[in-house]
Amino acid sequence: MEKSIDVLIVGGGLVGLTLVNALRGSRLSVRLIDSQSSPQLSARTESSRQGHNLVAGASPRVSAINLASEALLKRLGAWPGAAAQQCAYTQMSVWDGRGTASIQFEADLAVADHLGTIIENDQLTLALFDRGLSVDEAQIDYDSAVETIERNDVGYRVTLLSGESISCKLLVGADGGASTVRELTHIKTLEWSYQQSALVTTIETQAPHQGVARQCFTPVGALAFLPLANPRHCSVVWSTATTEELLALDDDQLCQRLTQGSESVLGDVLAVDRRFSFPLRQRHALRYIQSGLALIGDAAHTIHPLAGQGANLGFADAQALAMVLQQCRFNGLQPGDMALLRSYEQTRRPANLLMAAVMEAIKRMFDSGDPGVNWLRNLGLSLLDQQSTLKGMVAKLAAGA
Ligand SMILES: Cc1cc2nc3c(=O)[nH]c(=O)nc-3n(C[C@H](O)[C@H](O)[C@H](O)COP(=O)(O)OP(=O)(O)OC[C@H]3O[C@@H](n4cnc5c(N)ncnc54)[C@H](O)[C@@H]3O)c2cc1C
């Protein structure tokens, strides 16, 4: 028999789970489905793998969570407890590997005691999942993939691979960059490959990180050392066109390359854990909404990870959509109503496009080998570093203020 509900969220990653939590108290019937196994199971499997000269005990996928997202997650009661691997960073240091310019951002620029927190994606997902289980309005089901989507009188009918059919007034695509919901509802994107992949791993360094998030624009791409709970452990994100070559190196060779690439900023890189690679694409949906449908998170936009903003934009999407949905019962509107959805899109699309444009400009500026551009870039960074007002604005943008 077909079930009928108010809101069906496809995708239980960071962003879909945030929406579930933000719909607490909405009195809408909500269901979330995800094709993968539940976060509890995934976290257990991850921690049992070994095999490199570092077994950091941390999952390699981490995110820099900005202050706005941290405040949201705390408000939702979904901020991971103190036992989880997390490290608040109080400074960001960015420099140009082909020049002399560098820039430092301290927490007081954002009028805060820290600029953000590096946290394992698994821990965050688990905290959101655990908290989401207590949302009275919601049912959360993993191991459930979408097979077909079609319009019906109510909104959309979604059929799962299990054969189950769900009818909903609002269908939310929170199913990531390769969104099935976006594809099956024929929403087009503007997108291109960066011709780069991100190499992701965890390292041990000679010198302690002192709670500083570091990024060097090396000649082959942005190399970030993100501080972890262990003072000598950092998460690495190196976005390059040579990731395949780096993946093929043995641990000692990769340590050497990372030491060189980081200009020994933390002394030698002593050990390296498992490595992963993620192809990088710029992608933006031409619209986030249509009647009975909304896209949030990576399903609506993916950006280069060089400033660690993708998930932060997704949290803000989930919050904005929840705000309009929280009001619909009181205003006598249906969740799929276009006026409501337009208000969501108008809040989020300009902000997401601005961040995508800023990332694109930074990436192109640092990709250029042209000596004139290099000179201008170095001059620009040096000038920005001396301009506390402008620096404060950049720090606040990064903090999500
Ligand atoms: C290397 C790298 C580093 C990054 N670092 C940062 C950072 O420091 N800070 C930051 O803010 N962002 C960062 N990002 C971006 C961030 O990881 C993403 O923006 C964020 O994870 C997107 O979350 P999401 O929930 O929208 O999508 P996803 O995490 O992709 O989740 C989508 C979910 O949908 C499910 N799904 C997919 N298809 C279906 C289907 N057909 N049926 C049912 N379920 C389905 C999947 O199983 C998955 O659980 C980084 C990205 C990369 C690649």
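The written sequence of each chain sets the order in which its residues are numbered from 1. Thresholds applied to this predicted model are a pLDDT of at least 70 for local features of residues and 80 or more for the giving and counting of side-chain atom pairs; totals over whole chains, interfaces and linings are not thresholded and use all residues.

1. Here we look at the overall build of the protein chain
Filter applied, for reference: What counts as a helix is a DSSP run of H or I of at least four residues, what counts as a strand is a run of E of at least two, and both are numbered from the N terminus. Only C-alpha atoms enter the radius of gyration; for comparison, a globular chain is expected to reach 2.2 Å times N to the power 0.38, where N is the number of residues. Residues are defined as contacting one another if the C-beta atoms placed from their backbone atoms lie within 7 Å.
Of the regular secondary structure elements, the protein chain holds 11 helices and 20 strands. Whereas a compact globule of 401 residues would reach a radius of gyration of roughly 21 Å, the protein chain reaches 21 Å, a difference of no more than 12%. Dimensions of the protein chain, computed from C-alpha atoms along their principal axes, come out at roughly 65 × 45 × 35 Å. Put simply, of all contacts in the protein chain between residues at least 6 apart along the chain, 74% involve residues at least 24 apart.

2. Here we look at the site of the ligand
Here is the rule we go by: Think of it this way: take the backbone, place a C-beta atom on it, and check whether that atom is within 6 Å of the molecule or strand, in which case the residue is near it. Classes in brief: Ala, Val, Leu, Ile, Met, Phe, Trp, Tyr, Cys and Pro nonpolar; Asp, Glu, Lys and Arg charged; the others, Gly included, polar.
Residues in contact with the ligand amount to 32 residues; listed here are only the nearest, Gly 13, Gly 176, Gly 297, Gly 308 and Gly 310. Put simply, the parts of the chain that give the shell around the ligand at least two residues each are helix 1 (14-22), strand 3 (62-66), strand 12 (189-205) and helix 8 (310-331). Counting residues per element, the shell around the ligand draws most heavily on helix 8, at four residues. Broken down by class, the residue content of the shell around the ligand amounts to 14 nonpolar, 15 polar and three charged.

3. Points about the sheet that holds strand 3
What counts, and what does not: Strands qualify as paired when DSSP identifies two bridges or more between them. Inter-axis angles, ranging from 0 to 180 degrees, are taken between N-to-C directions of lines fitted to C-alpha atoms, where helices are fitted over the stretch in contact.
Strand order in this open sheet of three strands is 3-7-4, and the pairing throughout is antiparallel. Of all the strands in the sheet, just strand 3 and strand 4 (86-89) have a single pairing partner and so form its edges. Each strand of the sheet is rotated relative to its neighbour by a mean of 25°, with strand direction disregarded. Relative to strand 7 (residues 116-120), strand 4 is paired through four bridges, and the arrangement is antiparallel. Each bridged residue has a counterpart across the sheet, and for Tyr 89 the counterpart in strand 7 is Gly 116. Set on the sheet, helix 4 (residues 121-132) makes contact with strand 3 and strand 7; between it and strand 7 the angle comes to about 90°.

4. Side note on helix 9 (residues 338-367)
Our working definition: The span one expects for a helix is its residue count, reduced by one, times 1.5 Å. Fitting axes to the seven residues ending at a residue and to the seven starting there, one defines the bend at that residue as the angle between these axes. The exposure scheme places C-beta atoms from the backbone and then counts, for each residue, the other C-beta atoms within 10 Å of its own, assigning buried at 20 or more, exposed at 12 or fewer, and partly exposed in between.
An ideal rise of 1.5 Å per residue puts 44 Å on 30 residues; helix 9 measures up with 41 Å between its terminal C-alpha atoms. If you look at helix 9, its biggest bend is around 25°, right at Arg 348, and the proline Pro 350 turns up within four residues after that. Along helix 9, the residues classified as buried are Leu 340, Leu 341, Tyr 344, Glu 345, Arg 348, Asn 352, Met 355, Ala 356, Lys 363 and Phe 366.

5. Comments concerning the nonpolar core
Put simply, the test is: To define a nonpolar core, we join buried Ala, Val, Leu, Ile, Met, Phe, Trp, Tyr and Cys residues through C-beta atoms within 7 Å and take the resulting set.
Judged by nonpolar contacts, the single largest core of 115 residues is most densely connected at Val 7, Ile 9, Leu 19, Val 172, Ala 294, Ile 296 and Leu 321. With 11 residues, helix 8 is the largest single contributor of residues to this core.

6. Comments concerning the pairing of strand 1 (residues 3-10)
The cut-off we apply is this: The handedness rule is simple: strands pointing away from the viewer, and a clockwise path from the first strand over the helix to the second, make the crossover right-handed.
Along strand 1, six of the eight residues are buried, which leaves the element largely enclosed by surrounding structure. For strand 1 and strand 11 (residues 165-173), the ladder comprises seven bridges, and the chain directions are parallel. Along strand 11, the bridge assignment pairs Val 10 with Gly 173. Taken together, the four bridges between strand 1 and strand 2 (residues 30-33) define a ladder with parallel strand orientation. Note on strand 2: the bridge partner recorded for Val 7 is Val 30. In terms of handedness, the path from strand 1 via helix 1 over to strand 2 forms a crossover that is right-handed.

7. Focus: unusual backbone geometry
Within the chain, Gln 195 stands out as a residue other than glycine whose phi angle is a positive 55°. Secondary-structure assignment places Gln 195 in strand 12.

8. Focus on the packing of helix 8 against helix 9
Applied cut-off: These descriptions rest on fixed angle ranges, namely under 35 degrees for roughly parallel, over 145 for roughly antiparallel, 65 to 115 for roughly perpendicular, and the rest for oblique. What makes a crossing left-handed is the near helix being turned counterclockwise from the far one by less than a right angle; a clockwise turn instead makes it right-handed.
Running from N to C, helix 8 and helix 9 cross one another at 165°; their axes reach a closest spacing of 9 Å. Classified by the angle their axes make, helix 8 and helix 9 are roughly antiparallel. Handedness of the crossing formed by helix 8 with helix 9: right-handed. Contact with helix 8, carried on its side by Leu 313, Ala 316, Asp 317, Ala 320, Leu 321, Val 324 and Cys 328, involves Leu 340, Ser 343, Tyr 344, Thr 347, Arg 348, Asn 352 and Met 355 of helix 9 and no other residues of that element.

9. Re the environment of Glu 120
Along the chain, the position of Glu 120 falls in strand 7. Residues in contact with Glu 120, not counting those within four places in the same chain, are Ala 58, Ser 59, Arg 61, Val 62, Ala 84 and Gln 85.

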